[in-house]
Amino acid sequence: MNTKIVELKEYSNKEVGLLVQAILVELLLIFSIINIFSNALMPAFYAILSMIMFTMAYNNVKIYKRKYLTPIYIIVGIFVAITTIVEYL
(Lines give C-alpha, C1' and ligand atoms only; values in the text may rest on other atoms or scores of the structure.)
Protein backbone atom coordinates (compact mmCIF):
# COMPACT_ATOMS: atom_id res chain seq x y z
CA MET A 1 0.00 0.00 0.00
CA ASN A 2 1.55 3.24 -1.16
CA THR A 3 0.38 6.27 0.76
CA LYS A 4 1.65 9.74 0.21
CA ILE A 5 1.67 12.32 2.97
CA VAL A 6 0.68 15.73 1.69
CA GLU A 7 1.60 18.81 3.68
CA LEU A 8 -1.18 21.35 3.90
CA LYS A 9 -0.27 24.98 3.61
CA GLU A 10 -1.69 27.35 6.15
CA TYR A 11 -3.91 30.03 4.70
CA SER A 12 -2.88 33.58 5.42
CA ASN A 13 -5.40 36.40 5.34
CA LYS A 14 -2.73 39.01 4.65
CA GLU A 15 -3.52 38.96 0.96
CA VAL A 16 -7.23 39.36 1.63
CA GLY A 17 -6.70 42.66 3.44
CA LEU A 18 -4.64 44.04 0.59
CA LEU A 19 -7.18 42.78 -1.96
CA VAL A 20 -10.03 44.47 -0.11
CA GLN A 21 -8.04 47.70 0.08
CA ALA A 22 -7.27 47.59 -3.65
CA ILE A 23 -10.91 46.95 -4.53
CA LEU A 24 -12.07 49.79 -2.28
CA VAL A 25 -9.55 52.19 -3.83
CA GLU A 26 -10.83 51.28 -7.30
CA LEU A 27 -14.42 51.82 -6.15
CA LEU A 28 -13.42 55.16 -4.63
CA LEU A 29 -11.94 56.26 -7.95
CA ILE A 30 -15.06 55.17 -9.84
CA PHE A 31 -17.40 56.97 -7.43
CA SER A 32 -15.24 60.10 -7.46
CA ILE A 33 -15.48 60.24 -11.26
CA ILE A 34 -19.25 59.71 -11.05
CA ASN A 35 -19.55 62.44 -8.40
CA ILE A 36 -17.86 64.95 -10.68
CA PHE A 37 -20.92 64.87 -12.91
CA SER A 38 -23.61 64.17 -10.31
CA ASN A 39 -23.62 64.49 -6.53
CA ALA A 40 -26.28 61.84 -6.06
CA LEU A 41 -23.86 59.17 -4.83
CA MET A 42 -21.95 61.16 -2.23
CA PRO A 43 -23.08 58.95 0.72
CA ALA A 44 -21.67 55.89 -1.06
CA PHE A 45 -18.43 57.77 -1.69
CA TYR A 46 -18.08 58.65 2.00
CA ALA A 47 -19.01 55.11 3.07
CA ILE A 48 -16.29 53.67 0.84
CA LEU A 49 -13.84 56.25 2.21
CA SER A 50 -14.55 55.20 5.80
CA MET A 51 -14.22 51.50 4.85
CA ILE A 52 -10.83 52.27 3.29
CA MET A 53 -9.71 53.91 6.52
CA PHE A 54 -10.69 50.86 8.57
CA THR A 55 -9.03 48.53 6.07
CA MET A 56 -5.86 50.61 6.13
CA ALA A 57 -5.83 50.42 9.93
CA TYR A 58 -6.23 46.63 9.74
CA ASN A 59 -3.47 46.26 7.15
CA ASN A 60 -1.24 48.59 9.12
CA VAL A 61 -1.34 46.30 12.13
CA LYS A 62 -1.45 42.88 10.46
CA ILE A 63 0.86 43.30 7.49
CA TYR A 64 3.15 46.23 8.06
CA LYS A 65 3.44 45.82 11.86
CA ARG A 66 3.24 49.59 12.33
CA LYS A 67 0.92 50.68 15.08
CA TYR A 68 1.58 54.41 15.12
CA LEU A 69 -0.91 55.54 12.45
CA THR A 70 -3.55 52.93 13.25
CA PRO A 71 -5.44 55.10 15.80
CA ILE A 72 -5.44 57.99 13.32
CA TYR A 73 -6.95 55.79 10.60
CA ILE A 74 -9.61 54.54 13.02
CA ILE A 75 -10.47 58.04 14.24
CA VAL A 76 -10.74 59.40 10.69
CA GLY A 77 -12.87 56.40 9.67
CA ILE A 78 -15.25 56.88 12.59
CA PHE A 79 -15.41 60.63 11.94
CA VAL A 80 -16.25 60.14 8.25
CA ALA A 81 -18.88 57.48 9.07
CA ILE A 82 -20.56 59.62 11.75
CA THR A 83 -20.62 62.77 9.63
CA THR A 84 -22.03 60.81 6.70
CA ILE A 85 -24.80 59.36 8.85
CA VAL A 86 -25.63 62.73 10.39
CA GLU A 87 -25.57 64.60 7.09
CA TYR A 88 -27.44 62.19 4.81
CA LEU A 89 -29.85 60.32 7.13
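That block above? That's the structure.
Parameters and conventions
Residues numbered from 1 in each chain as written. Predicted model: local features only at pLDDT ≥ 70, side-chain atom pairs only at ≥ 80, totals over all residues. Heavy atoms only, no water. Phe/Tyr/Trp six-rings, centres within 6.5 Å; stacked < 30°, edge-to-face > 60°. Buried < 20%, exposed > 50% of the residue type's maximum accessible area, 1.4 Å probe, protein only. Helix = DSSP H or I, 4+ residues; strand = E, 2+ residues; numbered from the N terminus. Contact = heavy atoms within 4.5 Å. Polar contact = N/O pair within 3.5 Å; in protein donor to acceptor, adjacent residues only side chain to side chain.

**Section: the packing of aromatic side chains**
A ring pair, where both rings are aromatic, is described by two values, the distance of the centres and the angle of the planes.
Turning to step 1, where the next piece is worked out: Under the defined criterion, the tally for this structure stands at two aromatic pairs.
Turning to step 2, where the next piece is worked out: Pairing F45 with Y46 gives two aromatic rings, centres 5.6 Å apart and planes at 65 degrees, and the pair type is edge-to-face.
Turning to step 3, where the next piece is worked out: Of the residues examined, Y46 reaches a relative accessible area of 25% and is grouped as partly exposed.
Turning to step 4, where the next piece is worked out: Considering the side-chain rings of Y46 and Y88, the 6.4 Å spacing of their centres and the 35 degrees angle between planes classify their relative orientation as tilted. Of the two residues, Y46 is situated in helix α2 (residues 42-62) and Y88 in helix α3 (residues 70-88); the sequence distance between them amounts to 42 residues.
Turning to step 5, where the next piece is worked out: Overall, the relative accessible area of 35% leaves Y88 in the partly exposed class.
Turning to step 6, where the next piece is worked out: By way of ring pairs, the aromatic residues F45, Y46 and Y88 are connected into one cluster.

**Description of the side chain of T70**
Turning to step 1, where the next piece is worked out: Counting through the fold element by element, T70 comes out in helix α3.
Turning to step 2, where the next piece is worked out: In contact with T70, not counting residues within four places along its chain, are A57, N60 and V61.

**Some points on the side chain of S50**
Turning to step 1, where the next piece is worked out: Inspection of the secondary structure assignment puts S50 in helix α2.
Turning to step 2, where the next piece is worked out: Here A47 takes part through its backbone oxygen, which lies 2.8 Å from a polar atom of the side chain of S50.
Turning to step 3, where the next piece is worked out: In contact with S50, not counting residues within four places along its chain, are G77, V80 and A81.

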